[in-house]
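# Observations on the three-dimensional arrangement
What follows is the residue order along each chain.
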Amino acid sequence: MGDSNLEQTYMFAVEALEKKKIGILHFMESATLPEGLKPLAPEARKRFSGLLVLNVGYDQKSAEQALQTGLADAITFGTLFISNPDLPQRFGLDAPLATSDTSTYYSGSEEGYIDYPPLA
Ligand SMILES: Cc1cc2nc3c(=O)[nH]c(=O)nc-3n(C[C@H](O)[C@H](O)[C@H](O)COP(=O)(O)O)c2cc1C
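Here the structure is a predicted model, which means the values were calculated and not measured. (Residues numbered from 1 in each chain as written. Predicted model: local features only at pLDDT ≥ 70, side-chain atom pairs only at ≥ 80, totals over all residues. Heavy atoms only, no water.)

### Some remarks on the side chain of Ser 83
Put simply, the rule is: In this description a helix means any DSSP run of H or I spanning at least four residues, a strand means any run of E spanning at least two, and both kinds are numbered starting from the N terminus. Accessibility here uses a 1.4 Å probe with only protein chains present; expressed as a share of the type maximum, an area under 20% marks a residue as buried, one over 50% as exposed, and anything in between as partly exposed. Pairs of N or O atoms within 3.5 Å make up the polar contacts considered here, provided that, within protein, one atom can donate a hydrogen while the other can accept it, and that residues adjacent in sequence are counted only when both atoms are side-chain atoms. Residues are treated as being in contact if the distance between any of their heavy atoms lies within 4.5 Å.
If you trace the backbone, Ser 83 turns up in helix H4 (residues 79–83). For Ser 83, a relative accessible area of 1% translates into the label buried. Within the structure, the side chain of Ser 83 is placed 3.2 Å from the side chain of Asn 84, a separation counted as a polar contact. In this structure the side chain of Ser 83 is engaged in a polar contact, spanning 2.8 Å, whose partner is the backbone oxygen of Ala 98. Among residues more than four places away in sequence, those in contact with Ser 83 are Ala 98, Thr 99, Ser 100 and Tyr 116.

### Some details on the domain arrangement of the protein
Using the following cut-off: Where a domain begins and ends is set by an automatic assignment or by a domain database. For this analysis, a salt bridge means a side-chain nitrogen from Lys or Arg found within 4 Å of a carboxyl oxygen belonging to Asp or Glu. Under the convention adopted here, Pro, Cys and the residues Ala, Val, Leu, Ile, Met, Phe, Trp and Tyr are nonpolar, Asp, Glu, Lys and Arg are charged, and Gly plus all remaining residues are polar.
Each assigned domain of the protein is listed here: domain 1 (1–76) and domain 2 (78–120). On the side of domain 2, four residues touch domain 1, which itself brings five residues to the contact. Counting every contact that joins domain 1 to domain 2 gives zero salt bridges. The residue inventory of the side of domain 1 that touches domain 2, partitioned by class, reads one nonpolar, three polar and one charged.

### Some words on the site of the ligand
What counts here: By convention in these notes, a residue is near a molecule or strand provided one of its non-hydrogen atoms lies within 4 Å of it. We get accessible surface area from the Shrake-Rupley algorithm with a probe of 1.4 Å; when it comes to residues, only the shown protein chains can shield them.
As a matter of local geometry, the ligand sits amid Met 28, Asn 55, Val 56, Gly 57, Phe 77, Gly 78, Thr 79, Ile 82, Tyr 105, Tyr 106 and Tyr 113. At 2.7 Å from an oxygen atom of the ligand is found a side-chain nitrogen or oxygen belonging to Asn 55. At 2.6 Å, a backbone N or O of Gly 57 approaches an oxygen atom of the ligand. Computed on the free molecule, the ligand has an accessible area of 600 Å², of which 56% lies beneath the protein chains in the complex. Two domains each donate at least three residues to the shell around the ligand, and these are domain 1 (1–76) and domain 2 (78–120).

Rendered as structure tokens:
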């Protein structure tokens, strides 16, 4: 979403959802913002009393940190789950993660979606 005043626009939406008593807000913002860009997830956290789910670019370490600091109630994973069908087990075992092949994204076939092997 593009906007000349991102924070004002996003927080207006967050406050509107809060007023509607929405239970879960999935807020997409990169875990690694470029230097100088203000993260908006903490602002969303202050304004939203339901469950806050964050996503985009998280790994195990940054996800655990977001949970431990109370920034988020849950973190979701997209690309890591594509190439690691057993992602929770790998996190638990501190096992290596497979890298997903972006050339197979949105291909319309099963290739690159269901053919990554689980840990032996
Ligand atoms: C190949 C691919 C397909 C995706 N398909 C969907 C989808 O169908 N619905 C959806 O809400 N998000 C979809 N996403 C977005 C992910 O759910 C997630 O928001 C995004 O990948 C950012 O999280 P990540 O940094 O952990 O990958 C897709 C992402 C990728 C890479």
